[in-house]
Structures are given as C-alpha cells and as structure tokens.
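# A look at the structure
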Amino acid sequence: MRMSKQFGRTLRQAPADAETISHQLLVRGGFIDQLSAGVYSYLPLGLRVKKNIESIIRKEMNTADGIEVLLPTIQPSAIWETSERLFTMQDVLFKLEDKRGRTMVLGPTHEEVITTLFSKFANSYRDLPRTLYQIQTKLRDETRPRGGLVRVREFTMKDAYSFDLDEKGLDVSYSLMVDAYYQIFNTCQIPIVSVEADSGAIGGKGSQEFIFLTDSGEDTVLICDQCDYAANQEKAEFIRPKKTAAQTLNIEKINTPEITTIDQLASFLNIDKNDTAKSVLYMAMPRTGGASFPIFAVIRGDLEINEVKLMNLVDARGITPMTDEELSKYNIISGYASPIEINSEIRVIADISITETVNLVAGANEVDYHFTNTNYLRDWVATDIADIAIADEGHICAKCTGNKAGNLKISRGIEMGHVFRLGKTYTSAFETTVLDQFGEQLTPIMGCYGIGIDRILSAAVEAHHDQDGIIWPRELSPYDIHLTALNFEQDSEVSEEATKLYEDIQVEGLTVLFDDRDENPGVKFKDADLIGIPIRITVSSRNNAENVVELKLRNAETSEKIDKENIIEVLQQLSE
RNA sequence: CGGGGUGUAGCUCAGCCUGGCAGAGCGCUGCGUUUGGGACGCAGAAGCCCUCGGUUCAAAUCCGAGCACCCCGACCA
C-alpha cells in the first residue's frame, strides 16, 4: 500500500476524550474513528489488524473441530421469549418493530438462534458432537460504553456453541475450546490469566474468563499468591478471617446516639469491625418476573456484601438497596436495622462469617440503640446461611492445598474471552432433541465460548507500545514491513530503488506499507513509530551511496545496514 | 439509572467571570526554501460558537430547558 494513496491520517494529538493508551494510540495512528458513544468505524489500517485477528481465530477454531456459520443479527423477539431472555436481558437488548408491527431484537449474542438452527438439522446422535462458530457483529444497548473499544455498543465477537450427548462429551468440547483460546491469546501475544467466573444472565453452571490484566480494565479479579486459584471478584471464594472464640455473653441493649455506620460503631465502642454485624437491605427482582421481594442480608462488619452471589442465591435478575419508603414499609429503622425479631415476610440471608463469630454488636431496630453480644441461633435465625461476602486483597485463599494457605491479591483486568458450560438451558427451552442409539429422545448439552475481537486489538496495544506509538505483535501487524523512502520526490534514484523494492517485497508474498509521500524524514519516522509495524526499512540518498538499505525493528534501539542484494532474503527470514 | 465534567475551525484549546468585529497552535490549500526524527517563510480556505427559548440596543459570553460526549459508580453474555 502506498501511503500517498492511503485513506486516513495520523494525528499529532489524540482527541481529549480518549483516556486509555490503547484508545489514544489507535485514534492517533488512524486505526479507528468514533462515530458516537461506543460506536466506532474501522479505518483501513485498523481493519487489516482486525482481519488478522479473525484469521488467527478461524485457524484455531477449525483446528478444534469448529465449523463456521453466520447467523442473523436481526432476530424475531419470539425466540427471546422462548428463552425468557426478552425479560432477563431487557436492559441490553436493542429492540425494534418492522412495518407490520412485529417486534425484533438486534442480537447481543446468539444462543437462541443457534439452538433454533441446530434443532432443525440435528436429529440423531450421529449429528453430535458439533461445535459451530461465527464471527459476527453484536449489538448491546450498554448503559455506559467506556474505554475506547473495551465496552462498546456495537462490536465483533467470535462466538462458538458446542452440542454434546452428555457431560463427558461436553468436557471434551469444552477443553478443546479452552486449548484453542490459549493458543489464540498466545499468537496474539496477549498475556492472560484464566479465572473462575460467574455465568451471569446467560445461565448454566461453570464458566471461566480469560482476563488481560491492566489497571484500565473494568473487571476485578483475585489471584492467589501461593496456588493457581484465580477468580473474578463476583465469584471468588475465601476463608473468613477467624475471630478467636470466646464465651457467649448475655445480650444487652445499649445507647448509641447518632451512630449509624459500622465505622462509627466500632470507634464509639472501641471494638474491631469484626465484632459487629452489618445489615444490608435490598429489594430483589425475581429472574422470571413478578413483584420484587425484600431481602435482609447480614454479614460481619469487616466484610462487604457480594451482590452477585446474593442475587444468584435468591434467583433474582437484579437487586437494589431498599428505599426509605420500603424500609418503613417493613418497619426497619435505617442505621439500626436488626435481624432480631425481623418481619417474617423478609427473607434473611446470613453470611457464613456470622455463624462463625460470637458476641456481635448489631442494630436494635430502634433509633440510637444497638444490641451487644448477639449470637446466631441463640438470638435469631436466618432463612439461609451462605457465602455472600466479597473477596478482597489479603483474604485467605479457599482453594489452597498444603499447610500454608495463600493470600488473595486483587487486580483489574479486561475480559477477553469467556467460556461456559451451558448445560441444557437452551436445548430444553427450544425442545431440541435427537434420537440416541437406543431410539430414545435425548436433549443435547451445550457449551458456549466467546472472544471479543475488538478487545484483542485494544489489549494488544495496551500490552505492546512505547512512548512513540504501537509495537504490533507480528501476527497482528497491518503490514509485514514499513518501507520508508526519504527524499522520494527529489531524488530519482531513491524513488526508483524504493519502488523496485516495494514491488520485490510483494512478489515474495510479504505485505508492505510504502511511505512514498513528499514529507520530511522526521514526519515519516514519527508516523512509522506511531503506526507500529514491527519491521521498518529505509531507502535514502545516503544509504544508496553505500549501496545499503537500512533495517530497524520497531522494538529495537538501533538500526543496521543491509546490503541491497541481501535485503529481500533478510526480510524473508525475519517474517518466517 | 445516581454523581461529576465538557460542548467555539478537521484536532488540541483560548475567549465567557466583567455582553460590544470569531481567535491561537496543529492540520488543510498554493508558492518558495529545506530534507535522517513531527523544519521554515509568505499567501490562503475553513466555524449555525451543540440546539431551542428568554433577558438586552446588542449574547459565544447572562438566564431556562433540552441534546450530545467524557469520567466515577450501578449495570454488563
């Protein structure tokens, strides 16, 4: 590609609203352009990178026995009613009506379509196992797009769906995909950690995420410093710091004027936060619809509620803190809420920490009063006892083996891929069955597997750049070689040599970006660094005089001079 | 959806407080000089000052409403 014919331009300054490095460099380098919040165009350079990522993914998917399909973006809402996700995913669904008033949705993901399709064509156990995948645009009405290409409303995703006869088969399909994922991230040179994850609105049990660790990420993960346990904070399990056991003491009501928070309570009574019980009130929206119901969560004062765990426990599609009206409806005194003698309509959920600790200070459900020495079972009981606490830095790993349990470390990251053992959620909903070898109806078991392609692009830049610009991993680079010609317009020897080299390189099957513009050397070098093609060669009057071409690797400090007759061979070797 | 911020030339921003000709740098066009790390000179083109309404002799500037975009949080297969 001759730069004199290219479309798009590098920018000296990034737009003010680009915050992350990857966003800034991708815009400055002329790879992407924002149209509106969370909606981007790919310019020619960016598109080439995107296509490279797609072909890496295709190769690995095919190796893992995946078969490519292409499913529609526009989908009748009826299939979303069948799966009940028209309701459970209503917040992210783009909806529209056609001229006859039929309602449609723009696909945020494709479980419904793939299951419908699969049902039509698979009739026998001989049709299984199959893993179908596609690379498709997804549309999600995200409330808050952010971070350049990290959270957007229109994006490209590779999604794959496996169908197996039984759990054993799913294990095989699942691990083939996991292996493919490692291979893909490895080729793209994105360092990732695999973490246990919550499966969210998609349903099913068991999932893992592939996380690229970066401070600009929006996911929080906990990683054990002793073993290989790693989990999304939504899911992470940990061992509650133990409180030394003491004799249970008599409950007592004490005056605590204007003390409404755990911090205030601990300092007022001069006790540790883990000597207190914290009560948090929510209204939960049932996953399958219907009226919201109240939940009363109780947790030791040194811990925080994990709302995802809580939501899963009560099978809710969302939970929100109780409003003042709701609190008074259930006779709960804000700041002094107490699990003792609670309104029986309310579902009370206690974190395990509560049952492991004695003599806790809790609210008395009366303004300015708390109880000391409350004890679980003796003074109150919960509807459920469960793990509803959020893991944090320094908590003890729950999965460690051996003598010394490790501590969890907290990091931020971007979710690059997510794989799920879906189970029969969709095949049951769509009544997908095949006949097994005994002539019995059998419901296939599914897995699903996603990778965000735009996110790979961003993560690659986050992971590989310096102050001058991007340093593309070779497999992603928009071109193999950046050919810079200095004094292209003025020195006919340069223009002839460079043009010949441009053609020769292409004959060898390599791709090349040819800077044949009438620009100063400084401009050309700066642009080359910004665009980030890993190999740069320079033809100039000075080099011609020595009969050499200059070679500089983007990630190297210095350049070297290569005899003209050897340059093609050297480039071939570098590109192998 | 809650909190905060910003909308002026393609991009980065000044001007707004204290109302009175629409500005700078970069980029773009032309000419010339230059030519190994975003070089220089001269001459240009380019803005419905986000939108609508109000106040005023006069509004980019003051007031009101709306819209868009960004950030933090909530949400997020």
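Conventions we followed
Starting from 1, residues in each chain are numbered consecutively following that chain's sequence as written. Starting at A for chains and at 1 for ligands, labels are handed out in the order in which the entities are written. Reporting of local features is limited, given that this is a predicted model, to residues whose pLDDT is at least 70; pairs of side-chain atoms are given and counted only at 80 or more, and all residues count toward the totals for whole chains, interfaces and linings. The side-chain numbers reported here are obtained from all heavy atoms of the structure, hydrogens and water having been left aside. Runs of H or I in DSSP of at least four residues are treated as helices and runs of E of at least two as strands, each being numbered from the N terminus. For the exposure calls, accessible area comes from a 1.4 Å probe over protein chains only, and a residue counts as buried if that area is under 20% of its type's maximum, exposed if over 50%, partly exposed in between. The criterion used for residue contact is that any of the two residues' heavy atoms lie within 4.5 Å. For the accessible areas, the method is Shrake-Rupley and the probe is 1.4 Å, while residue cover comes only from the protein chains on display. Only four residue types enter the charge count, namely Lys and Arg as positive and Asp and Glu as negative; His and the chain termini do not. Taken as the charge centre is NZ of Lys, CZ of Arg, CG of Asp or CD of Glu, depending on the residue. Should DSSP find at least two bridges between two strands, the strands are regarded as paired. Lines fitted to the C-alpha atoms define the axes, with helices restricted to the stretch that makes contact. Angles between their N-to-C directions range from 0 to 180 degrees. Throughout, the edges of the domains are those of an automatic or database domain assignment. Any angle that falls under 35 degrees is termed roughly parallel, while one over 145 is termed roughly antiparallel, one within 65 to 115 roughly perpendicular, and all others oblique. Each residue receives one of three labels: charged for Asp, Glu, Lys and Arg, nonpolar for Ala, Val, Leu, Ile, Met, Phe, Trp, Tyr, Cys and Pro, and polar for the others, Gly being one of them. When the centres of two rings from Phe, Tyr and Trp lie within 6.5 Å, Trp using its six-membered ring, the rings pair. Their planes under 30 degrees apart give stacked, over 60 give edge-to-face, and anything left gives tilted. Any Lys NZ or Arg CZ found within 6 Å of a ring centre and within 35 degrees of that ring's normal is scored as a charge over the ring. By definition here, a helix of n residues has an expected span of 1.5 Å times n minus one. Any Lys or Arg side-chain nitrogen found within 4 Å of a carboxyl oxygen on Asp or Glu counts as a salt bridge. Any cysteine sulfur atom paired with another within 2.5 Å is treated as part of a disulfide.

### Topic: the overall build of chain A
Within chain A one finds 16 helices and 33 strands. Structurally, chain A occupies a C-alpha span of about 95 × 65 × 55 Å along its principal axes. Counting every position in chain A, which comprises 576 residues, the buried fraction comes to 51%. If you take every contact in chain A between residues at least 6 apart in sequence, the share linking residues at least 24 apart comes to 71%. Put simply, chain A shows about 27000 Å² of open surface, and 47% of that area lies on carbon and sulfur atoms. The positive charge centre, built from 59 side chains, and the negative charge centre, built from 89, are 2 Å apart in chain A.

### Let's talk about the sheet that holds strand S6 (residues 103-106)
Sheet architecture is open: three strands sit in the order S4-S6-S5, paired in antiparallel fashion. Each of the sheet's edge strands pairs with one partner strand only, and the pair in question is strand S4 (74-76) and strand S5 (94-97). The mean angle between the axes of side-by-side strands here comes to 35°, regardless of whether they run parallel or antiparallel.

### Things to note about the sheet that holds strand S14 (residues 252-255)
Strands sit in the order S14-S20-S19 across an open sheet of three strands; the sheet is antiparallel. Only two strands of the sheet have a single neighbouring strand rather than two, namely S14 and strand S19 (360-366). Within the sheet, the average angular offset between the axes of one strand and its neighbour, ignoring direction, is 35°. Looking at chain direction, S19 and strand S20 (residues 369-374) are connected through four bridges and run antiparallel. Along S20, the bridge assignment pairs Gly 363 with His 370.

### Considerations on the environment of Asn 547
Along the polypeptide, Asn 547 turns up in the loop between helix H15 (541-545) and strand S32 (548-553). The class for Asn 547 is partly exposed, based on a relative accessible area of 37%. When the C-alpha atoms of Asn 547 and Ile 562 are compared, they prove to be 8.6 Å apart, with 15 residues separating the residues in sequence.

### What to know about the domain arrangement of chain A
Taken domain by domain, chain A holds domain 1 (15-235 + 411-461), domain 2 (252-386) and domain 3 (477-574). A C-alpha centroid distance of 68 Å is found between domain 2 and domain 3.

### Some points on the pairing of strand S16 (residues 293-300)
Within S16, seven of the eight residues are buried, which leaves it mostly tucked inside the rest of the structure. Sheet topology places strand S15 (residues 277-286) next to S16; eight bridges connect them, and they run antiparallel. By the bridge assignment for S16, Met 283 is matched with Pro 294. The loop that links S15 with its antiparallel partner S16 comprises six residues; one of these, Gly 289, has a positive phi angle of about 100°. Pairing of S16 with strand S18 (residues 347-351) involves four bridges; the strand directions are parallel. Its bridge partner being in S18, Val 298 is matched across the sheet by Ala 350.

### Description of the packing of helix H1 (residues 21-28) against helix H12 (residues 453-463)
For the pair H1 and H12, interaxial distance at closest approach is 8 Å and the crossing angle is 100°. Viewed along their axes, H1 and H12 adopt a mutual orientation that is roughly perpendicular. Contact residues: Ile 21, Ser 22, Leu 25 and Leu 26 in H1; Leu 457, Ser 458, Val 461 and Glu 462 in H12. A breakdown of the residues in the contact of H1 with H12 according to their chemical character gives five nonpolar, two polar and one charged.

### So, the packing of aromatic side chains
Summed over all chains, the structure comprises ten aromatic pairs. Measuring from ring centre to ring centre gives 6.2 Å for Tyr 181 and Phe 185, while their planes differ by 85°; the resulting arrangement is edge-to-face. One end of the pair is Tyr 181 and the other is Phe 185, both in helix H6 (residues 167-187) and four residues apart, which spans about a single turn. Residue Phe 185 is classed as buried on the basis of its relative accessible area, which comes to 1%. Between Tyr 181 and Phe 210, the aromatic rings sit 5.3 Å apart at their centres with planes inclined by 55°, giving tilted as the arrangement. Of this pair, Tyr 181 sits in helix H6 while Phe 210 sits in strand S10 (residues 207-213), and the two are 29 residues apart along the sequence. An identical accessibility class is assigned to Tyr 181 and Phe 210; each is buried. Put simply, the rings of Tyr 181, Tyr 182, Phe 185 and Phe 210 pair up and form one aromatic cluster. Lying across the ring of Phe 238, Arg 240 places its NZ or CZ 4.4 Å from the centre.

### A short note on H6
With 21 residues, H6 extends 30 Å from end C-alpha to end C-alpha; this agrees with the ideal 30 Å at 1.5 Å per step. Within H6, the full set of buried residues consists of Gly 169, Leu 170, Ser 173, Tyr 174, Met 177, Val 178, Ala 180, Tyr 181, Ile 184, Phe 185 and Thr 187.

### As for H1
Regarding H1, the residues found buried are Ser 22, His 23, Leu 25, Leu 26 and Val 27. Packed against the buried residues of H1 are strand S1 (32-36), strand S2 (39-42), H12, strand S27 (465-466), strand S28 (469-470) and helix H14 (521-531). Of the residues trailing H1, Gly 30 is marked for its positive phi of about 80°.

### Some thoughts on the pattern of salt bridges
Oppositely charged side chains are able to pair whenever their charged atoms sit close together. Enumeration according to the criterion identifies 34 salt bridges in this entry. Here Asp 379 ties to Arg 378 by a salt bridge, and the two come within 3.0 Å at their closest N and O atoms. Put simply, Asp 515 and Lys 524 hold a salt bridge, and the shortest N to O gap is 3.8 Å. Each member of the pair, Asp 515 as well as Lys 524, carries the same accessibility label: buried. Linked by salt bridges that have partners in common, Glu 142, Arg 146, Arg 151, Glu 218 and Arg 455 make up one network.

### Details of the state of the cysteines
Across all of its chains, the model carries zero disulfides by this definition. In this structure Cys 224 is not part of a disulfide, and its nearest cysteine sulfur, from Cys 400, lies 3.5 Å away.

### Observations regarding unusual backbone geometry
Omega for the bond connecting Leu 128 with Pro 129 falls within 30 degrees of zero, at -5°, which places this linkage in the cis form. Take Pro 129: it is sitting in the loop between helix H5 (111-121) and strand S7 (130-139). Even without a glycine there, the phi angle at Asn 331 is positive, about 55°. Considering the arrangement of structural elements, one finds Asn 331 in the loop between helix H9 (324-329) and S18. The class of Asn 331 is exposed, set by a relative accessible area of 56%.

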